[in-house]
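Listed below, chain by chain, are the residues.
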Amino acid sequence: MTKRQNYGRMPMMIHYVSTRGGGAPVSFSEAVLCGLAPDGGLFSSESTPKISEKQMVDWLKKPYAELAAEILALFAPEIPQENIQHFCRSAYAPEKFSHADIAPVTSLGKNRFLLELFHGPTGAFKDFALQLLPHIISYAITQGDGLHRAILVATSGDTGGAALSGFADVTNTSCVVFFPEDGVSPLQEAQMRGAEGENVLSLGIRGSFDTAQSAVKEIFLDTSFCQMLRRQNILLSSANSINIGRLIPQIVYAVHGYLQLISLYNIPLGNTVDVTIPTGNFGDIFAVFLAKKMGIPFGKLMCANNENSSTTQFLKSGIFNISGQFTKKTLAPAMDILKASNIERLLFFLADHNSEKVKTWISEREGFRKFLLSTEEHKKIQEDFLAETVSDAEILSEIRKSTDEFGKTPDPHTAVGIVAARRNASKNPMLIFSTAHWAKFGETIWKALLPEKDIPKTEEEILLRLAEVIQRPPLPNALKHIFQKKTRHSKTISGTTDDMKHALLNFFEKQS
């Protein structure tokens, strides 16, 4: 095995198992290729790598790509270090990110800080994983069966654009994105409708993100459909946060954010930092939970929900209950989710890897749309997590307030996080994840900053006018010409599993 910096110890071999107990343990590369475990569960590591204060001191000096390589190596010891370094240098190349620090930390005053995750090629935090994941999948294919991987994505907005960008023209892969036609912003839709690359497809669906996500999972578990694809040498994988390959890169910027507080803001190494994360599918916040398990001294993890607050209510009460509920459209559409997939990984930790217990909870969730934790289990969750629900009115108010107070205009999802952080001031520094560029939600920003003025007819006009008001460029370089792009993916289909499978077969036939 290629030598790597390991502080006197051989790297620990980590295996990944399904949260529902099916199948044999697999390597990181194999788990990434599968996406979803064969029994419908999510892959989770059997153990969590631990890091020492000595390692953190060493990491303080490392640029982002090198830090990413160090952390990925801990979770994927089967991949040679030189490959990992190449993947990370390529994924986080300076020409892809509009800020030299890749994920800079800026101050909001009063011991609050923003981790800016919107400087990538599609202006959202999803870029951090989805610039790296294609490298890992390509490598795993060459080391494994060599078969074509079709990457299926259900998106509430930002994952779609980031996945289409990351997988465009990547050898031995194709990428198909399903998004709720009436549930994304105009800029997000323009990104997906205009996506370039001969191996990518974007499809609107009539339904919610939960509809798309459930259908994609059903497709993965449809044995006859998967066998039909296998005869064409096509296997399915995922770029949603159900894929463990999405979560590990998200650990990196959580660690990076902590280290930036030490380097730039004189917070002593080892001091506790609380974190607030705008939360939809529970992937980002679960990555921070893993970073805490590794040894990063994070304190409370604040789950900030919009009015689709099933996750907040679960964390606060120990009761998951969406019986009779339907997804509500809000001003923070990426969080318009009732069934957050990655809660299943949290349940796996909560049950001490008891997959039978996890299966019972998930069965109750799927059958009755609710399940209940014991008092002790709920107390255990509350040791790590806080949760808040933020209304649309509070989102608009916070966008105005942050623009006036700090000269920073947050996107609606970041506004949810800032509101939640304001409500829960503590003696610890608070790191708030800023998940998308404000310009991806121009109409909402207009409603917040210029509510008395008539809104321009086009999104491009909205952004130009807003840029004058807040005295900033309207778009990062990567998004400047988004509205001039030709529409390459104009189709919308129903959100039924059968229609989605039919669309996939048509696309694969044209690809062959």
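Up top is the structure.
Note that the coordinates shown come from a computational prediction; the quantities given were computed from them, not determined experimentally.

1. A short note on the packing of helix 11 (residues 244-265) against helix 12 (residues 283-294)
Axis separation between helix 11 and helix 12 bottoms out at 8 Å; the angle between their running directions is 65°. Classified by the angle between their axes, helix 11 and helix 12 sit roughly perpendicular to one another. Remark: the crossing between helix 11 and helix 12 carries right-handed chirality. Across from Leu247, Gln250, Ile251, Tyr253, Ala254 and Val255 in helix 11, the residues of helix 12 making contact are Gly283, Asp284, Phe286, Ala287, Val288, Leu290, Ala291 and Met294. The residue inventory of the contact of helix 11 with helix 12, partitioned by class, reads 11 nonpolar, two polar and one charged.

2. What to know about unusual backbone geometry
Positive phi is not limited to glycine here, since Ile102 has a value of about 65°. Of note, Ile102 is situated in the loop between helix 4 (81-91) and strand 3 (105-109). Here Asn233, not a glycine, exhibits a phi torsion of approximately 65°, which is positive. For Asn233, the position within the fold is in the loop between helix 10 (223-230) and strand 8 (234-238).

3. Side note on the packing of aromatic side chains
Considering all chains together, one arrives at 21 aromatic pairs under this definition. The interplanar angle of 70° and the centroid separation of 5.8 Å between the aromatic rings of Phe286 and Phe349 together place this pair among those described as edge-to-face. You can see Phe286 sitting in helix 12 and its partner Phe349 sitting in helix 14 (residues 343-350), a full 63 residues away along the chain. Three or more aromatic residues joined by ring pairs make a cluster, and in this case those are Tyr64, Tyr92, Phe97, Phe128, Tyr253 and Phe433.

The rules behind these values
Residues numbered from 1 in each chain as written. Predicted model: local features only at pLDDT ≥ 70, side-chain atom pairs only at ≥ 80, totals over all residues. Heavy atoms only, no water. Axes fitted to C-alpha atoms, helices over the stretch in contact; angles between N-to-C directions. Helix = DSSP H or I, 4+ residues; strand = E, 2+ residues; numbered from the N terminus. Parallel < 35°, antiparallel > 145°, perpendicular 65-115°, else oblique. Left-handed = near helix turned anticlockwise from the far one by under 90°. Contact = heavy atoms within 4.5 Å. Nonpolar A, V, L, I, M, F, W, Y, C, P; charged D, E, K, R; others polar. Phe/Tyr/Trp six-rings, centres within 6.5 Å; stacked < 30°, edge-to-face > 60°.

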